[in-house]
Amino acid sequence: MSPYTPERYVEALRFAAAAHRDQRVPGTELPYLVHVVSVAAEVVAALPPRYDPAHDLAVQCALLHDTVEDTDRTVDDVAAAFGDDVARGVDALSKRPHLPKPDQMDDSLARILACPAPIGWVKLADRVTNLDAPPHYWDRDKRIAYRAEAGRILDRLGHTSEPLAARLRARIAAYEAFVR
């Protein structure tokens, strides 16, 4: 049996495409949808071989993970379209803009840890994807901080998926080239 449901994947993909329609991957001309599909690809590649309904949760949250944080879509919109479990996952993956910036990631990580493990998979996959070449306008200090934050994510969530933790460890090591 397939480790995720194609119909749910396409439904979440369409929702994400509409939500992110005018956005670009930072520092590029690529549509933002490339990022969310890349995160979903990382999650799908790391799924255990035996199907579990949690796989659908992980893939849907991967495709939708930035809709609340980066668009005008709300947690209620996500819940109406995909149910409460997906909405809770997307909400946990979304930083709280009312918190001081230094506290936002730790708050999100705490909320992710209160969710089922597949939500942790999404955050690991998100950072794997984000540790590509940084935007040209990031200075060295920003790149160093981003790499350090990736280490915090790995430390807090690595236990949720060894394949994704291994991918993130490798990407953190490779990112060293951007902080020299």
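Parameters and conventions
- Residues numbered from 1 in each chain as written.
- Predicted model: local features only at pLDDT ≥ 70, side-chain atom pairs only at ≥ 80, totals over all residues.
- Heavy atoms only, no water.
- Helix = DSSP H or I, 4+ residues; strand = E, 2+ residues; numbered from the N terminus.
- Rg over C-alpha atoms; globule rule 2.2 N^0.38 Å.
- Buried < 20%, exposed > 50% of the residue type's maximum accessible area, 1.4 Å probe, protein only.
- Contact = heavy atoms within 4.5 Å.
- Areas by Shrake-Rupley, 256 points an atom, 1.4 Å probe, with all protein chains shown as cover.
- Axes fitted to C-alpha atoms, helices over the stretch in contact; angles between N-to-C directions.
- Parallel < 35°, antiparallel > 145°, perpendicular 65-115°, else oblique.
- Left-handed = near helix turned anticlockwise from the far one by under 90°.
- Nonpolar A, V, L, I, M, F, W, Y, C, P; charged D, E, K, R; others polar.
- Salt bridge = Lys/Arg side-chain N within 4 Å of Asp/Glu carboxyl O.

Some words on the overall build of the protein chain
Helix and strand content of the protein chain: 10 helices and zero strands. Ordered by position in the sequence, the α and β elements of the protein chain form the string α-α-α-α-α-α-α-α-α-α. Relative to a compact globule of 180 residues, whose C-alpha radius of gyration would be 16 Å, the protein chain shows 15 Å and is just as compact. Counting only C-alpha atoms and orienting by the principal axes, one finds that the protein chain spans roughly 45 × 35 × 30 Å. For the protein chain, the residues scored as buried account for 44% of the 180 residues in total. Within the protein chain, counting contacts between residues at least 6 apart in sequence, those at least 24 apart form 68% of the total. Of the accessible surface of the protein chain, which amounts to about 9,100 Å², a share of 54% is contributed by carbon and sulfur atoms.

Some thoughts on the packing of helix H7 (residues 101-113) against helix H9 (residues 140-157)
Two numbers describe how H7 lies on H9: the axes approach to 11 Å, and their chain directions differ by 20°. The angle between the axes of H7 and H9 places the two elements in the roughly parallel class. Note on packing geometry: the crossing formed by H7 with H9 is right-handed. When H7 is examined against H9, the residues Met105, Asp106, Leu109, Ala110, Ile112 and Leu113 are found in contact with a partner set consisting of Glu149, Arg152, Ile153, Arg156 and Leu157. A breakdown of the residues in the contact of H7 with H9 according to their chemical character gives seven nonpolar, no polar and four charged.

Some thoughts on the pattern of salt bridges
A full pass over the atoms with the stated rule returns 13 salt bridges. Residue arginine 127 pairs with glutamate 149 through a salt bridge whose shortest N-O separation is 2.7 Å. Here the residue arginine 127 occupies a position in helix H8 (residues 117-130), and glutamate 149 occupies one in helix H9, the gap between them amounting to 22 residues. Each of the two residues, arginine 127 as well as glutamate 149, counts as buried. The salt bridge partner of aspartate 132 is arginine 171, with a shortest N-O separation of 4.0 Å. Separated by 39 residues along the polypeptide, aspartate 132 in the loop between H8 and H9 and arginine 171 in helix H10 (residues 162-175) bring together distant segments of the chain.

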